[in-house]
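# Descriptive structure summary
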Amino acid sequence: MKRRKNNQEVPIYNLVPDNPTGTKDFKIYNLNGSCPNRSELLIPHRKDHYLIAFVRCAGNRQWIDMTPYTLKENTIYFTGPGHVIVKEGLGQIWSTAIAFTEKFLSFQQNSALSRLPILVNAQNRHELLLSASDVQFVEDILSKIIIEYDAPGPWHIPMLTAYITVFLTYLSRLYTEQFKEEETSAERLLLKSFQAKIDASFREIHEVIEYASQLHISAGHLSEVVKIQSGKS
């Protein structure tokens, strides 16, 4: 990832192509026993793109939007643009991850992908548990994506978007099944709206009352909802 300098307190990382002719909108990461870069540990950052990682083996911990996740075996972890990420631990990790921008989702008229549950993430979760059959499916589709990624040609982007569509649709079904008992309440949607406004305006706006005004509610009600939904003031 490349750090984009724009005088923000939390740096934003964008995609860096594998080579000068590579795309800036899609990338695959294969980690086979790699260790995190020490310089990136405990440094909050954001990404300007989506990242979906299939972790085969790891024990390190990461924080996503102030929630800790100890990385589990054969589990999917996912983030979108703007989420604050902090890495902990120097342990090895075995993982395959795909990263893509919102622009990539618009290729081949596939902008509807951005409305899939796994990307909308209404529950604000970042961990998806897999069964044995899910792991088999994920391994198979990722192998197809990697083969296509390594063999660019006239049908390169259409094939990638086709495989990504299947992958994201499958994960979206798992997402809705895993979190089906958690209704997307008005309060949770309000929390997401508040977080989105912070992401967009944290450099200029620092007072709760100003965000509450934008959301057309009182500062007291906003504080109460945040406390109930996140457990934080």
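As a starting point, this report considers the structure included with it.

What counts and how
Residues numbered from 1 in each chain as written. Predicted model: local features only at pLDDT ≥ 70, side-chain atom pairs only at ≥ 80, totals over all residues. Heavy atoms only, no water. Helix = DSSP H or I, 4+ residues; strand = E, 2+ residues; numbered from the N terminus. Buried < 20%, exposed > 50% of the residue type's maximum accessible area, 1.4 Å probe, protein only. Contact = heavy atoms within 4.5 Å. Areas by Shrake-Rupley, 256 points an atom, 1.4 Å probe, with all protein chains shown as cover. Phe/Tyr/Trp six-rings, centres within 6.5 Å; stacked < 30°, edge-to-face > 60°. Salt bridge = Lys/Arg side-chain N within 4 Å of Asp/Glu carboxyl O. Pairing = 2+ DSSP bridges. Axes fitted to C-alpha atoms, helices over the stretch in contact; angles between N-to-C directions.

## Examining the overall build of the protein
Each helix and strand in the protein was counted, giving seven helices and 11 strands. Across the 233 residues that make up the protein, the buried fraction comes to 41%. Look at the contacts in the protein between residues 6 or more apart in sequence, and 72% of them connect residues 24 or more apart. Just so you have it, the protein exposes about 12,700 Å², and 54% of that area is on carbon and sulfur atoms.

## Things to note about unusual backbone geometry
With phi around 50 degrees, Asp65 is a residue other than glycine that occupies positive phi space. For Asp65, the location among the structural elements is in the loop between strand E6 (61-64) and strand E7 (67-70). Even without being glycine, Asn74 reaches a positive phi, approximately 50 degrees. Inspection of the secondary structure assignment puts Asn74 in the loop between E7 and strand E8 (75-79).

## Details of the environment of Ser223
Relative to the assigned elements, Ser223 resides in helix H7 (residues 219-230). Through-space distance from the C-alpha of Ser223 to that of Ile209 is 9.5 Å; in sequence the pair is 14 residues apart.

## Quick look at the packing of aromatic side chains
In the structure shown here, the tally under the stated rule is nine aromatic pairs. Ring centres 5.6 Å apart and planes at 80 degrees place the aromatic pair Phe194 and Tyr211 in the edge-to-face group. Remark: Tyr211 occurs in helix H6 (residues 208-214) and Phe194 occurs in helix H5 (residues 186-201); sequence separation between them is 17 residues. Each of the two residues, Phe194 as well as Tyr211, counts as buried. Joined through ring pairs, the aromatic side chains of Phe26, Tyr50, Phe100, Phe104 and Tyr149 make up one cluster.

## Considerations on the pattern of salt bridges
What the rule picks out here adds up to five salt bridges. Between Glu139 and Arg56 there is a salt bridge, and its shortest N-O distance comes to 2.9 Å. Of this pair, Glu139 sits in helix H3 (residues 132-149) while Arg56 sits in strand E5 (residues 50-57), placing them 83 residues apart in sequence. Classification of Glu139 by relative accessible area gives partly exposed; the value is 28%. On the basis of relative accessible area, Arg56 is assigned to the partly exposed category, the value being 24%. For Glu127, the salt bridge is made with Lys72, and the minimal N-O distance between the two is 3.4 Å. With Glu127 in strand E11 (residues 127-129) and Lys72 in the loop between E7 and E8, this residue pair connects regions lying 55 residues apart in the sequence. For Glu127, a relative accessible area of 14% corresponds to the buried category.

## Remarks on the sheet that holds E11
Strands sit in the order E3-E10-E5-E8-E11 across an open sheet of five strands; the sheet is antiparallel. Every interior strand has two partners, whereas the edge strands, strand E3 (26-34) and E11, have only one. For this sheet, the mean angle separating the axes of adjacent strands, direction not counted, is 20 degrees. For E5 and strand E10 (residues 93-100), the ladder comprises seven bridges, and the chain directions are antiparallel. Looking at E10, one finds that Leu51 is bridged to Ala99. The strands that H3 touches are E3, E5, E8 and E10; relative to E3, the one it contacts most, it runs at about 120 degrees. Its contacts with the sheet put helix H4 (residues 156-178) on E3, E5, E8, E10 and E11, and the angle it makes with E11 is roughly 80 degrees.

Any link to function would need more than the numbers given here.
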